[in-house]
Amino acid sequence: MAWSESVDTLLANKDGLAAFRTFLKSEFSEENVEFWLACEDFKKTKSSTKITSKAQKIYSDFIQANAPKEINIDFHTKTHISQNISEPTLSCFDDAQRSIYSLMAKDSFPRFLRSEMYKELVKKQQHGNQKRWLPFL
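All figures in this text were calculated on a predicted structure; none of them were measured in a lab.

Draft legend 1. Region of interest: the packing of aromatic side chains. Applying the stated criterion across every chain yields a total of six aromatic pairs. Centroid distance Phe20 to Phe112: 5.4 Å. Interplanar angle 70°. Geometry classified as edge-to-face. Linking Phe20 in helix α2 (residues 14–26) with Phe112 in helix α6 (residues 94–114), this pair joins segments that are 92 residues apart in sequence. Phe112 sits in the buried class, given a relative accessible area of 0%. Consider the rings of Phe35 and Phe62, whose centres lie 5.5 Å apart with planes at 65°: the pair is edge-to-face. Taken together, the residues span a long stretch of sequence, with Phe35 in helix α3 (residues 31–42) and Phe62 in helix α4 (residues 48–63) at a distance of 27 residues. Neither residue differs from the other here; Phe35 and Phe62 are each classed as buried. Following the ring pairs from residue to residue traces out a cluster consisting of Phe20, Phe23, Phe112 and Tyr118.

Draft legend 2. Region of the structure containing the side chain of Glu34. Locating Glu34 in the fold gives a position in helix α3. In contact with Glu34, not counting residues within four places along its chain, are Arg21, Phe62 and Lys69.

Draft legend 3. Inspection of α2 at higher detail. The terminal C-alpha atoms of α2 lie 19 Å apart, and with 13 residues this matches the ideal 18 Å at 1.5 Å per residue to within 8%. Among the residues making up α2, those that are buried are Gly16, Leu17, Ala19, Phe20, Phe23 and Leu24. Down the axis of α2, the smallest arc covering the buried residues is 165°, so these residues share one side. Counted as exposed and oriented over 90 degrees from the buried face of α2: Lys14 and Asp15. Put simply, Asn13 is the residue that caps the front of α2, since its side-chain oxygen is 2.9 Å from the backbone nitrogen of Asp15.

The rules behind these values
Residues numbered from 1 in each chain as written. Predicted model: local features only at pLDDT ≥ 70, side-chain atom pairs only at ≥ 80, totals over all residues. Heavy atoms only, no water. Phe/Tyr/Trp six-rings, centres within 6.5 Å; stacked < 30°, edge-to-face > 60°. Helix = DSSP H or I, 4+ residues; strand = E, 2+ residues; numbered from the N terminus. Buried < 20%, exposed > 50% of the residue type's maximum accessible area, 1.4 Å probe, protein only. Contact = heavy atoms within 4.5 Å. Expected span 1.5 Å × (residues − 1). Arc of directions from axis to C-beta. Polar contact = N/O pair within 3.5 Å; in protein donor to acceptor, adjacent residues only side chain to side chain.

So this is what it looks like as structure tokens:
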């Protein structure tokens, strides 16, 4: 599967992203990919009023203490975001997003590739390809 090449390829592929999210949910760590996706969406925001409201939503969902989907980031990054959230910029979550991306790339993604879920997906794809070439199977 093409999305086994890198976490970037996985995140850019609809099916790969869906499988990765399901895997992360099974590990109770889906907040990482949800935060990353929220940041990607946030960086595309054009309206200054939407920048503020989206930043507040990301902050309350993922950053602030006891947030419902609190991500695990270092104290310095969390403090920096907290101090600047009243006047957010499109890059205000960049350090946290890089940290979470690194965590997914170095930890979650390799575990995903070793998981039974991934192995089953590969088997299904291989079986589907065999059927295409060998219709009598």
